[in-house]
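Architecture and fold: a report
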Amino acid sequence: MNTAMDSQPTTFDGLLQKMQRCSRYAKHVLEADPSLLNWLQENYTTPCDRAEMLALLQQSSPSPQPSPACEGGSNRVANATDSFDSEAGLARAVRKLRKQVMVKLILRDLNGLAGLNEVMQAMTALAEVCVQQAQACLMQSLQAQFGTPLDETGATPQPLLVIGMGKLGGGELNVSSDIDLIFVYPEDGETDGSRKLSNHEFFTRLGRRLINLINEPTSDGYVFRVDMRLRPYGDSGPLVMSFAALEEYLVSQGREWERYAWIKARVISPADCPHTAELMRLAQPFVFRKYLDFGAIDSMRKLHAQIRQEVQRRDRLNNIKLGPGGIREIEFAAQVFQLIRGGRDAQLRIRPTQAALQQLAKNGQLPAPVVADLDAAYVFLRNLEHRLQYLDDQQTQELPEKPEDREIIADAMGYADYATLLDDLNRHRALVNQQFEQIFGAPEEGQDDEQFWHEGVSAEALLARLEKLGYRAANDSAQRLLQLQAGNRYRQLPELSRQRLDKLIPQFIGLCAQQANPDETLSRLLALLEGISRRASYLAFLAEYPQAMQRLTRMVAASSWAGEYMTQHPALLDELLDAREMYQPPQWQQIDRNLQGRLDDCAGDAERQLDVLRLVQQEQTFQLLAMDLQGLLPLEKLSDHLSDLADLLLRHVLKLSWATARKRHRDEPRFAIIAYGKLGGKELSYASDLDLIFLYDDDHTDAQENYARLGQRINTILSSYTSSGRLYETDLRLRPNGASGLLVSSITAFAEYQQQQAWVWEHQALTRARFSAGDAEIGAAFENIRQQVLCQPRDLATLRKEILAMRQKMLDGHPNNTNLFDIKHDRGGMVDIEFMVQYLVLAYAHQHPQLTGNIGNLALLKLAGELGLIPVELAEQTRTLYRTLRQAQHRIRLNSQLPCRVEYGQIEVTACRKLWDVLFENT
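For the structure given in this document, a descriptive report is provided here. Remember, predicted model here, so these are calculated numbers, not experimental data. (Residues numbered from 1 in each chain as written. Predicted model: local features only at pLDDT ≥ 70, side-chain atom pairs only at ≥ 80, totals over all residues. Heavy atoms only, no water.)

Things to note about the overall build of the protein
Across its full length, the protein carries 40 helices and 12 strands. Over its C-alpha atoms, taken along the principal directions, the protein stretches across nearly 115 × 75 × 60 Å. Per-residue burial over the protein gives 55% buried out of 923 residues. Of all intrachain contacts in the protein linking residues separated by at least 6 positions in sequence, the fraction that spans at least 24 positions is 74%. (Helix = DSSP H or I, 4+ residues; strand = E, 2+ residues; numbered from the N terminus. Buried < 20%, exposed > 50% of the residue type's maximum accessible area, 1.4 Å probe, protein only. Contact = heavy atoms within 4.5 Å.)

Some words on the packing of aromatic side chains
Under the counting rule described, the total for this entry stands at 17 aromatic pairs. The side chain of R98 reaches across the aromatic face of Y222, ending 4.9 Å from its centre. R807 extends its terminal NZ or CZ atom over the ring of F835, reaching a point 6.0 Å from the ring centre. (Phe/Tyr/Trp six-rings, centres within 6.5 Å; stacked < 30°, edge-to-face > 60°. Lys NZ or Arg CZ within 6 Å of the ring centre and 35° of its normal.)

Section: helix α9 (residues 243-252)
For α9, the set of buried residues is F243, L246, Y249 and L250. Buried residues along α9 cover an arc of 125 degrees about the axis, so they all sit on one side. Set apart from the buried face of α9 by more than 90 degrees, the exposed residues are A244, E248 and V251. Along its buried surface, α9 packs onto β1 (161-164), β2 (179-185), β4 (240-242), α10 (256-262) and α11 (276-287). (Arc of directions from axis to C-beta.)

Quick look at the pattern of salt bridges
Charged atoms that come close allow side chains of opposite charge to pair. Within the structure shown, the criterion is met by 46 salt bridges. Across the pair E876 and R879 runs a salt bridge whose closest N-O atoms are separated by 3.1 Å. Of this pair, E876 and R879 both sit in helix α39 (residues 872-894), 3 residues apart, roughly one helical turn. Classification of R879 by relative accessible area gives buried; the value is 12%. Bridged by salt links that share partners, the residues K663, D702, E705 and R709 form one connected network. (Salt bridge = Lys/Arg side-chain N within 4 Å of Asp/Glu carboxyl O.)

A word on the nonpolar core
Grouped together as the largest cluster of nonpolar side chains are 166 residues, with contacts concentrated most on W262, L529, L542, L552 and F671. Looking at which element gives the most residues to this core, the answer is helix α30 (residues 635-659), with 12 residues. Listed in part, the 72 residues of the second largest apolar core include L110, M139, V162 and Y185. (Core = buried A, V, L, I, M, F, W, Y, C linked by side-chain atoms within 4.5 Å.)

Quick word on the packing of helix α38 (residues 857-866) against α39
At a closest axis distance of 8 Å, the pairing of α38 and α39 adopts a crossing angle of 170 degrees. Considering the angle they form, α38 stands roughly antiparallel to α39. Residue-level inspection shows N857, L858, A859, L861, K862 and G865 of α38 in contact with α39, the latter providing V872, A875, T878, R879, Y882 and R883. Among the residues making up the contact of α38 with α39, the classes are represented as 6 nonpolar, 3 polar and 3 charged. (Axes fitted to C-alpha atoms, helices over the stretch in contact; angles between N-to-C directions. Parallel < 35°, antiparallel > 145°, perpendicular 65-115°, else oblique. Nonpolar A, V, L, I, M, F, W, Y, C, P; charged D, E, K, R; others polar.)

Structural notes on a negative patch on the surface
A surface patch of like charges, here negative, comprises E152, E187, D188 and E278. Inspection of the secondary structure assignment puts E152 in the loop between α6 (116-146) and β1. (Patch = residues over 30% accessible without salt bridge, like charges linked within 9 Å, V, L, I, M, F, W, Y side chains within 5 Å. Areas by Shrake-Rupley, 256 points an atom, 1.4 Å probe, with all protein chains shown as cover. Lys, Arg positive; Asp, Glu negative; His and termini not counted. Charge placed at Lys NZ, Arg CZ, Asp CG, Glu CD.)

Comments concerning the pairing of β1
Both faces of β1 are covered, namely the face carrying L161 and I163 and the face carrying V162 and G164. In this sheet, β2 lies alongside β1 in antiparallel orientation, the contact comprising 4 bridges. Directly across from V162, in β2, lies its bridge partner F183. Of the pairings in the sheet, the one linking β1 to strand β5 (residues 266-269) comprises 3 bridges and is antiparallel in character. Along β5, the bridge assignment pairs G164 with R266. (Pairing = 2+ DSSP bridges.)

Side note on the side chain of S176
Take S176: it is sitting in the loop between α7 (166-169) and β2. At 2.7 Å, the side chain of S176 forms a polar contact with the side chain of D393. (Polar contact = N/O pair within 3.5 Å; in protein donor to acceptor, adjacent residues only side chain to side chain.)

Shown next as structure tokens:
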């Protein structure tokens, strides 16, 4: 509304004059019933709410004593119906109540005493109160005739659940709206009275009478027009339906537009029904898909196109709800994101349009300024809608044609004239339509591409096109494309999916031509497209977002492993949308909080919680991969992040495993996860396994048994494959006595083993071990044991002999019969450097305890040089070599070339051999 206008009137007479000037309906009602005017003058200053409505109903009752027709029953609502001696009495009371609510809202709204939220919430409350009161009274009446509906066992009473759809479900009802309802009941059965009815017949009678009581025009008017067309099968379907029948319908016959309608579905009667949660769980998989559903964009685009065609056909372009830039476009803009992401993000499973928009801004899925503009437009359009309806209490969203009505609407909106109002209206509608087109505008299609790629395209045509684009192995690429088109997977695709794939392939061919390795990139992308093609939503995603296709092509060109990872986890395609987010360093505390929130959203569903863990791991791994391929992360920092991610997930896996344990002897486990190997040394790579051991410190008699089960559960969660993938491959053989030892050890037993029984190679492993997750006190105790063990004085000759023997054993286990240098295992490679660092720690930590710090091989080499244990220059050269070897290994693995080998001489390893001689040969 126009806030620049003069201030609103302050006296009741002034307020009344504006209401009568802007609402012919209100003027007529007050003239027909002068008592309403006195009531309004006494009550207009307070907001219109549910409590007032119930009190008004109570005052309208003809008798304070309950009547036989409305006594008893389990569906009583606020006792208001107990005082009506007939349905007719209740019908008169709710009609009078509507008039009271309407004139009060109109007076308050037109004079700036009530905002949009009060109007919507009051009208929603009015509908809920009237339906609840009607249902309670009618239920009692029918129970008196036929008994109570029971389930098939005859044990449990069955209620009728009234579902509010549309704006009623969303708590956004407008002042002259009809109400969209659906009637369902939990189970089939029959009543327990002398005159038995099936539950279906009982609730059908109840539903019909409820509709009549609310909908039927009488001399007192009506309450709400009732629309039942959103029920399964529409007008041709049964009036009521059991939960089982509803579920069968949604699964087998539910249509895309019904998913949109069910977003706002809410049980409005009976209040606090215990079956509500069950019903919402039943409908949720239909509305919110488990995967990201980008097919919803095209579905809603087509639905809107049908609405737009109908608007044009009926010349309703001035309809502020259905016309361009209208209320429906704002609702669609919010709801398409809910349909796409609501299966993953429980915070988007909300009903009010404004709340959904705010959540999208919070999630970063719509820019905050855009949401602010859409919200302002929504408030403006809804206020205008109400003023159009205040005029004559008609359900209309059409702008008036009569000059006198236009001036009334301008006055009601606070404008000096209608032309000024139209200027602001057109501005809002243009903004809404622009944003709507950005979301739903159909992607551009290249005509040249369509001619080039089609059913039956010849090898010659493909070859010519690819050669023209600069493909160096054009013949091989052409054959690969023809194989895809002739393959069973392509031919068995649904028609819509095949059409989408046919539009994507020529676009990808063009994008691949822009890369340095077009043939390899195309081959990788075709493998990915084949892998994801059976899930129509992923093809829809790529079709809708060309910018995601470009980023995907660049990533796959840079790394074949990235293409394989995306093929295994296609839900990650969504991460390609926002480059700003994709290239931001991880904020682990925020990620931890968000992960805990997502786990809490599916509390009680262990399978979904494990899927959440896997998805978060994949999302964060992908974001690190994207930064890595862009050159934004040094390898050491990447390893730090991957290690931090593993630590975070281990904490949550431990917490979930203990929370779901069948047998627990304490609330918080005295249990810790210790990381060894790459995770312990924070040198984790994308595909590294986790070397772990489990320790506990607990004297309870059940501790060993319970913690052994806990360790098994943790290992199972980490290493089991599901449809969502696997968290990590694990290796638990570094525990005391290896694979033959106990899965979990007490901290005391671990200390004794390390000090008295452990082999030297186990102490080598201990140099890179650290506390990862669980009880911090046990972690501190472990670190104390570790330092004591590493600081033991040792005979250097014996130590060298043991380490050389273990190095030879590893070399024998990784024979290399090629003419290539194995970066990790050959002499002069990574393992040699790691063994030398471990030797330095074990040999000299008793003199230099700082060598026990878990600071990584590079830092330990530098420290050893500073301490004079090895030549400083040689330490620096070996550090440089180790970094070079790791980077080479990383690059090779990014392109899935295993084992990691290069030409001899490509990497100079002299520094490693010199240091080896210094430590092991020249002593």
